[in-house]
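Close look at the chain arrangement
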Amino acid sequence: MERTVSEVAKLAGVSVRTLRHYDAIGLLPPGRVATNGYRYYGRSELLRLQRILLLRELGVPLPAISRILDEQEDEVTALRGHREQLLAERKRLDTMLGAVERTIAGVSGDETVTDAEFFSGLTEARSRLRTELAERFGEEAAEGFEQAVRETDGWTREDYEQLGDEGRRLLLRMAAARDRGVRPDSPEGLELIELHYQGVLELWPATPTTYYALADLLVENADQRSIIETVDKELPEWLAAGVRAYAVHRLGYAQNDKKTVRGGV
């Protein structure tokens, strides 16, 4: 019995667009295509779709699924290889999570964190931030961050905790404003973002373009988002919107400047 693409989509719990994509990349061609362009799927195609969906559920990428099915690669062997990749990724994420938690604990003044753990977490967080700055804004921006870090050589843990306390107080003020319904692009919101901007300049020579783009980093970077979320789970998006608004209304950033973001500072 043949089924139309709509019937197969409904039966398998996927979208018609997904089936068309699978056809386009050669992963699941229909059994036949009628003269009117309608796709029809038979039993063999349905069995192949079942295997595709199983492998997708296990997280196997589409190119690997295509290889497994077309080359009749042993699925157990392929899944074992995928399992090793997942274990390696879990180890990497566990390491990152531990570093983030140590950084948060240190910045928040958790006295159970030793000085060695505090500075280890700080170094790891800086390394990740430096890498992401280079990827997003170019090597020149990352070097500017390194220069700012060098200027803090000799700082004690108390110095960093004081800086963290100041940042946390600002985040608390932002959270309170958000709770009151203050928009991030309002005059009151922009005054708070002004304090954030000045704080950024102390650590990184951001331009209007890179400050605008920094909004994405605040939401997407695990370290930065975690620090903000310790104050208010919904604050990262509010702050990111405020950063964009400040860059536009106070720093003169224009949307057509976006193409120069990777050019550095």
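In what follows, the accompanying structure is described. These numbers come from a predicted model, not from an experiment.

1. Concerning the overall build of the chain
A tally of helices and strands in the chain yields twelve helices and three strands. Burial status across the chain gives 38% buried among its 265 residues. Residue pairs at least 24 apart in sequence account for 59% of intrachain contacts in the chain once pairs closer than 6 positions are excluded. Carbon together with sulfur atoms contributes 52% to the accessible area of the chain, which is approximately 15,300 Å² in total.

2. What about the nonpolar core?
Grouped together as the largest cluster of nonpolar side chains are 38 residues, with contacts concentrated most on L133, M174, W204, Y211, L235 and L239. Of all elements in the fold, only α6 (115-137), α7 (139-150), α8 (157-179), α9 (187-203), α10 (208-220) and α12 (235-249) reach the threshold of two or more residues within this core. Here L239 is in contact with L171, M174, I193, H196, L218 and I228, once residues within four sequence places are set aside. One finds V5, Y22, Y41 and V60 within the second-largest nonpolar core, a separate group that totals 17 residues.

3. Here we look at helix α2 (residues 16-24)
Side chains of residues three or four places apart in an α-helix project in the same direction, reflecting 3.6 residues per turn. All of the buried residues in α2 are L19, Y22 and D23. Viewed end-on, α2 has its buried residues packed into an arc of 100°, placing them on one side of the element. Residues of α2 that are exposed and point more than 90 degrees away from the buried face comprise R17 and A24. Two residues or fewer after α2 comes G26, characterised by a positive phi angle close to 80°.

4. Re the packing of α10 against helix α11 (residues 222-229)
Two quantities define a packed helix pair, namely the angle between the helix axes and the distance between the axes. Where α10 meets α11, the closest approach of the two axes is 5 Å, and the angle between their N-to-C directions is 75°. It follows from the interaxial angle that α10 and α11 lie roughly perpendicular. Residues L217, L218, V219 and E220 of α10 form the contact with α11, whose participating residues are A222, Q224, R225 and I228. Each residue belonging to the contact of α10 with α11 can be placed in one class, and the counts come to five nonpolar, one polar and two charged.

Rules of the game
- Residues numbered from 1 in each chain as written.
- Predicted model: local features only at pLDDT ≥ 70, side-chain atom pairs only at ≥ 80, totals over all residues.
- Heavy atoms only, no water.
- Helix = DSSP H or I, 4+ residues; strand = E, 2+ residues; numbered from the N terminus.
- Buried < 20%, exposed > 50% of the residue type's maximum accessible area, 1.4 Å probe, protein only.
- Contact = heavy atoms within 4.5 Å.
- Areas by Shrake-Rupley, 256 points an atom, 1.4 Å probe, with all protein chains shown as cover.
- Core = buried A, V, L, I, M, F, W, Y, C linked by side-chain atoms within 4.5 Å.
- Arc of directions from axis to C-beta.
- Axes fitted to C-alpha atoms, helices over the stretch in contact; angles between N-to-C directions.
- Parallel < 35°, antiparallel > 145°, perpendicular 65-115°, else oblique.
- Nonpolar A, V, L, I, M, F, W, Y, C, P; charged D, E, K, R; others polar.

Honestly, that's just the spatial picture; any functional story needs more than this.
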